[in-house]
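# Reading the structure
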Amino acid sequence: MTNNAKRTRWWRVLGIGLGSVLLLAAAALATGLFLAERKMQRRVELPGLQAVAYRSDAVALERGSYLYASRGCVDCHGANGAGRTFADEGGLVIAGPNITPGPGGVVAAYQPIDWVRAIRHGVSPQGRALMVMPSEDYNRFTDDDLAALVAHIRALPPQSGQGAVVKLPPPVKALYGFGAIKDAAAKIDHSLPPQAPVPEGVTLEHGRYVANMCIGCHGASLAGGKIPGGPPDWPPASRLKPGEGSVMGRYPDAEALIALFRSGQRPDGTVVKVMPFESLRAMSETDLRALHLYLKGLPG
């Protein structure tokens, strides 16, 4: 066989190999997209779900306003509840919906049970998973805090807005289809009873309660890692629990952690990216001191 014939054969084999790889990749992508569509349309059963009664008293409204401002609601829905686009890059577009009584608001027909379903469980009134609702952070809300948050939202003045927007790049959507990325409804243990009331104070118990808001990005064990569904250029969430790579060594006392939440900067002056400081800087000193106490006491 001549050298030219050998080269031609080699290129033919290489072309067949590359073509086969591309076909397999296309098949995998198509399968992932199909599975994603099916997963988005699945029904999430919540047996034994109990409604939380509406409240409108001054105490509930004040507490609800604080929770709305400090627990991430502002970052997705805006301070006025009209909705906000919080991710728009690389083909990924995610916007929180309008949750006011105004035109385009998605909660106008909500009943008390629907608020529990959406906030605690990440499930729509129709039983579908809510793709942009980080309910793993709110699943352990006490009945009082859930009622307070709902009271504040229901009291928001009507605004014009739209429903949720979720546009995933095909590779990200395929990863969701294959289970590499999970929605909140798939992460939550829906069989858990509601969280018992937690006295507010600089205690481990209250710190554990506050730390629930960190789960969505930092993981259930607070070990950090890639933020599920985030754009490719987002840095991984930091490790909060003790051990190699933990960032808590930078915050030896509560004052250092409070300074981070108020400024968005590390002790060395560098800016922390991605963290929702618009909400976090609204957290009370009691919450932050309890959170620091809890994080410093976590097992490695």
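Conventions used here
Residues numbered from 1 in each chain as written. Predicted model: local features only at pLDDT ≥ 70, side-chain atom pairs only at ≥ 80, totals over all residues. Heavy atoms only, no water. Core = buried A, V, L, I, M, F, W, Y, C linked by side-chain atoms within 4.5 Å. Buried < 20%, exposed > 50% of the residue type's maximum accessible area, 1.4 Å probe, protein only. Helix = DSSP H or I, 4+ residues; strand = E, 2+ residues; numbered from the N terminus. Contact = heavy atoms within 4.5 Å. 1 Å grid on protein atoms, 1.4 Å probe; cavity = no way out; pocket = protein on both sides within 12 Å on 5 of 7 lines; lining within 4 Å. Points joined across faces, edges and corners; volume = space filled by probe spheres on them. Nonpolar A, V, L, I, M, F, W, Y, C, P; charged D, E, K, R; others polar.

Ranked by size, the top nonpolar core spans 52 residues in total, and within it Ile119, Leu149, Phe261, Met283, Leu291 and Leu295 carry the most contacts. Secondary structure elements with two or more residues in this core: α2 (58-70), α3 (73-77), α4 (112-121), α5 (143-154), α8 (204-211), α10 (254-263), α11 (277-280) and α12 (285-296). Once residues within four sequence positions are removed from consideration, methionine 283 is found in contact with Tyr66, Ser70, Arg71, Val210, Met213, Phe261, Arg262 and Leu288.

There is about 590 Å³ of room inside the second largest pocket. Around the second largest pocket, the lining comprises 31 residues; the ones closest to its centre are Pro97, Val106, Tyr110, Leu130 and Met133. Elements supplying a minimum of two residues to the lining of the second largest pocket: α3, α4 and α5. Residues that form the lining of the second largest pocket fall into these classes: 24 nonpolar, 6 polar and 1 charged.

This part covers empty space enclosed by the protein. Counting across every chain of the model gives 1 cavity of 30 Å³ or more. For the largest cavity, the calculated volume is near 80 Å³. If you go around the largest cavity, the residues you meet are Leu67, Arg71, Asp137, Tyr138, Arg140, Phe141, Asp145, Tyr209, Val210, Asn212 and Met213. Among the residues forming the lining of the largest cavity, the class breakdown is 6 nonpolar, 1 polar and 4 charged.

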